[in-house]
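# Chains, contacts and geometry: an overview
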Amino acid sequence: MFLLVGLGNPGAKYAKNRHNIGFMAVDEIARRYQFGAERSRLQGLAREGMIETEAGPQKAIIVKPQTFMNESGRCVGGFMTFHKIPIAKVIVFYDEVELAPGKCRVKIGGGTAGHNGLRSIVAQSGSDFKRVRLGVGHPGREKMLSHVLDDFSSAEMVWVDSLCDAVARTTPLLLEAKHDHFQTEVSKLSPAPPIPAWLRGGSGDGN
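Quick look at the structure, then.

Quick notes on the rules
- Residues numbered from 1 in each chain as written.
- Predicted model: local features only at pLDDT ≥ 70, side-chain atom pairs only at ≥ 80, totals over all residues.
- Heavy atoms only, no water.
- Axes fitted to C-alpha atoms, helices over the stretch in contact; angles between N-to-C directions.
- Helix = DSSP H or I, 4+ residues; strand = E, 2+ residues; numbered from the N terminus.
- Parallel < 35°, antiparallel > 145°, perpendicular 65-115°, else oblique.
- Left-handed = near helix turned anticlockwise from the far one by under 90°.
- Contact = heavy atoms within 4.5 Å.
- Nonpolar A, V, L, I, M, F, W, Y, C, P; charged D, E, K, R; others polar.
- Core = buried A, V, L, I, M, F, W, Y, C linked by side-chain atoms within 4.5 Å.
- Buried < 20%, exposed > 50% of the residue type's maximum accessible area, 1.4 Å probe, protein only.
- Pairing = 2+ DSSP bridges.
- Expected span 1.5 Å × (residues − 1).
- Polar contact = N/O pair within 3.5 Å; in protein donor to acceptor, adjacent residues only side chain to side chain.

It is worth spelling out the packing of helix α1 (residues 21-32) against helix α5 (residues 154-169) at this point. Contact pair α1 / α5: the axes reach a minimum separation of 8 Å and the direction vectors enclose 50 degrees. As the angle between them shows, α1 and α5 are arranged oblique. Considering the relative orientation of α1 and α5, their crossing is right-handed. Contacts between α1 and α5 involve Ile 21, Met 24, Ala 25, Glu 28, Ile 29 and Arg 32 from the first element and Trp 159, Val 160, Leu 163, Cys 164, Asp 165, Val 167, Ala 168 and Arg 169 from the second. Residue composition of the contact of α1 with α5, by class: 10 nonpolar, no polar and 4 charged.

Right under this line is the structure:
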């Protein structure tokens, strides 16, 4: 069984924040693969379902922690313990300021780069989980907090919706650990938009 975690903050106030793109991505995965109804469990909103891969159907739980970003690890750790899910089968989707808007990259393990949701998960369960980094751009350190807690504009939602759809379509590749193939297919299905003028230099290389 896989645990697919979207990071974000709960409530309508935060629903369209850049910080909530993880929630948006897993909601689209749940929709595409017709997961069951969302239920409140273990400090999160969870849905269960199956995702067809070349190796056969894979059972997965999608969870959106409702603890607020800084305490995401309590929810994730609870699901891992209750369902006996190893950290190697945990995939976390989150906003990445070090990637240009619309870029998507996968990594396993490593640091948290100041992301409080990741920091909380690492503190609770360790660092060796898979991370799907969804680029939202870096406006400069002095504007960081307002940037991630601001809503995507209507124009930005065009590429956000496209990116989430591409990620959902190619999720089977993630479950099969075909990370390079996954990144290539997401890029094909959802080309990143032009880099906005307000972004600091160096945030658009996609690394």
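A few words now on the nonpolar core. Grouped together as the largest cluster of nonpolar side chains are 36 residues, with contacts concentrated most on Leu 4, Ile 21, Ile 29, Phe 93, Leu 134, Val 167 and Phe 182. The greatest single-element share of this core, amounting to 8 residues, is contributed by α5. For Leu 134, the residues in contact, after removing those within four places along its chain, are Ile 21, Ala 25, Phe 93, Tyr 94, Asp 95, Glu 96, Lys 103, Cys 104, Leu 163 and Val 167. Grouped together as the second largest cluster of nonpolar side chains are 18 residues, Val 5, Val 63, Met 80 and Ile 85 included.

On to the environment of Ala 37, then. Tracing the sequence through the fold places Ala 37 in the loop between α1 and β2 (39-41). Looking at Ala 37, the relative accessible area reads 64%, which means it is exposed. When the C-alpha atoms of Ala 37 and Arg 47 are compared, they prove to be 5.9 Å apart, with 10 residues separating the residues in sequence. Each residue touching Ala 37, except ones within four places of it in the same chain, is listed here: Ala 46 and Arg 47.

Our focus in this paragraph is the sheet that holds strand β4 (residues 56-65). Across the sheet, 7 strands lie side by side as β2-β3-β4-β1-β5-β7-β6; this open sheet has mixed pairing. Whereas interior strands pair on both sides, the edge strands pair on one side only; in this sheet they are β2 and β6 (104-108). Strand-to-strand, the axes of this sheet are offset by a mean angle of 30 degrees, without reference to chain direction. Across 4 bridges, the pairing between strand β1 (residues 2-6) and β4 is parallel. Within the sheet, the bridge partner assigned to Phe 2 lies in β4 and is Ala 60.

The topology assignment puts Glu 71 in the loop between β4 and α2 (72-83). Classification of Glu 71 as partly exposed rests on a relative accessible area of 37%. Separated by 48 residues in sequence, Glu 71 and Arg 119 have C-alpha atoms that sit 8.9 Å apart.

Locating Asn 20 in the fold gives a position in the loop between β1 and α1. For Asn 20, the residues in contact, after removing those within four places along its chain, are Leu 7, Gly 8, Asn 9, Tyr 14 and Ala 15.

Taken together, the 3 bridges between β2 and strand β3 (residues 44-53) define a ladder with antiparallel strand orientation. Bridging from a neighbouring strand, Arg 39 pairs with Ala 46 of β3. Where β2 folds back on β3, the antiparallel hairpin that results is connected by 2 residues, among which Leu 42 adopts a positive phi of roughly 50 degrees. In this sheet, β4 lies alongside β3 in antiparallel orientation, the contact comprising 10 bridges.

All right, on to α2 then. Two residues of an α-helix separated by three or four positions point the same way, owing to the 3.6 residues in each turn. Look at α2: 17 Å from first C-alpha to last across 12 residues, which is about the 16 Å you get at 1.5 Å a residue. On its buried side, α2 packs onto β1, β2, β3, β4, β5 (90-96) and α3 (116-125). Looking one or two residues beyond α2, the residue adopting positive phi is Lys 84, at roughly 55 degrees.

So, about the side chain of His 115. In this fold, His 115 is placed in the loop between β6 and α3. Side-chain polar atoms of His 115 contact the side chain of Asp 95, separated by 3.0 Å. Residues contacting His 115, with those up to four places away along its chain left out, are Leu 7, His 19, Met 69, Tyr 94 and Asp 95.

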